[in-house]
Amino acid sequence: MRYPDSIPQCGEYLRMTVPFLTQNSMPAHPLNYTLAFEVVSGINEELKQALARLTADGASLTAQQSQQLFDTHVQGGDADRSSEANQKVGEILGATQNIAQEMVDEGAKYQQSLEREAPKLVNSVDGAQLQ
């Protein structure tokens, strides 16, 4: 679990995160809040260092920099797992599509056999002939 902290501890991180956003001139949207939360909670030292490098001269983060920090330092491995999961889902859908096509083909064969045998059923006179 990425955020195992208790409610009181998360409340403390909240009290620390809002001033952090203000001090670093970061808009308080969810992406920046996540970046700030990870820095003030101490769970992401690499992010803290990267953020410090980008704001060392007092510059504010651009939206693009925030997104890049998030993608690299927060989402990171999750993006790889997400891509792998998407690939597996694609494989499952492909296999399902193949099975569905086989069922359609078998249904078409059955339909043809019924159409071929239907005249015999119509012309049947008694049960013996029907069998």
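Everything quoted here is computed from the prediction, not taken from an experiment.

Asker: I'd like a rundown of the environment of Pro-19, residues and numbers included.
Answerer: Among the secondary structure elements, Pro-19 is positioned in helix H1 (residues 7-23). A relative accessible area of 37% means that Pro-19 is categorised as partly exposed. Spatially, the C-alpha atom of Pro-19 lies 9.5 Å from that of Ala-36, the residues being 17 residues apart in sequence.

Asker: Pulling in residues and values, what's your account of the packing of H1 against helix H2 (residues 30-41)?
Answerer: Orientation of H1 relative to H2, taken along the N-to-C sense of each, is 115°, at an axis distance of 9 Å. Crossing geometry of H1 relative to H2 is assigned as right-handed. Between H1 and H2, the contacting residues are Cys-10, Tyr-13, Leu-14, Met-16, Thr-17, Phe-20 and Leu-21 on the first element and Asn-32, Tyr-33, Ala-36, Phe-37, Val-39, Val-40 and Ser-41 on the second. Here the contact of H1 with H2 is composed, by residue class, of 11 nonpolar, 3 polar and no charged.

Rules used throughout
Counting starts from 1 at the beginning of each chain's written sequence and moves along it residue by residue. Selection of residues for local features in this predicted model requires a pLDDT of at least 70, selection of side-chain atom pairs for listing and counting requires 80 or more, and totals for whole chains, interfaces and linings are taken over all residues. Heavy atoms from the whole structure form the basis of all side-chain values; hydrogens and water molecules are not counted. Here a helix means four or more residues in a row that DSSP labels H or I, a strand means two or more in a row labelled E, and each is numbered from the N terminus. For each residue, the accessible area found with a 1.4 Å probe, counting protein chains only, is set against the maximum for its type, and the residue is called buried under 20%, exposed over 50%, and partly exposed in between. Whenever a helix is involved, its axis is fitted only over the stretch in contact; in every case the axis is a line through C-alpha atoms, and angles between N-to-C directions fall within 0 to 180 degrees. A crossing counts as left-handed when the near helix is turned anticlockwise from the far one by less than a right angle, and as right-handed when that turn is clockwise. Contacts are residue-level and defined by heavy atoms, with any inter-residue pair within 4.5 Å sufficient. We call Asp, Glu, Lys and Arg charged. Ala, Val, Leu, Ile, Met, Phe, Trp, Tyr, Cys and Pro are nonpolar, and the rest, Gly among them, are polar.

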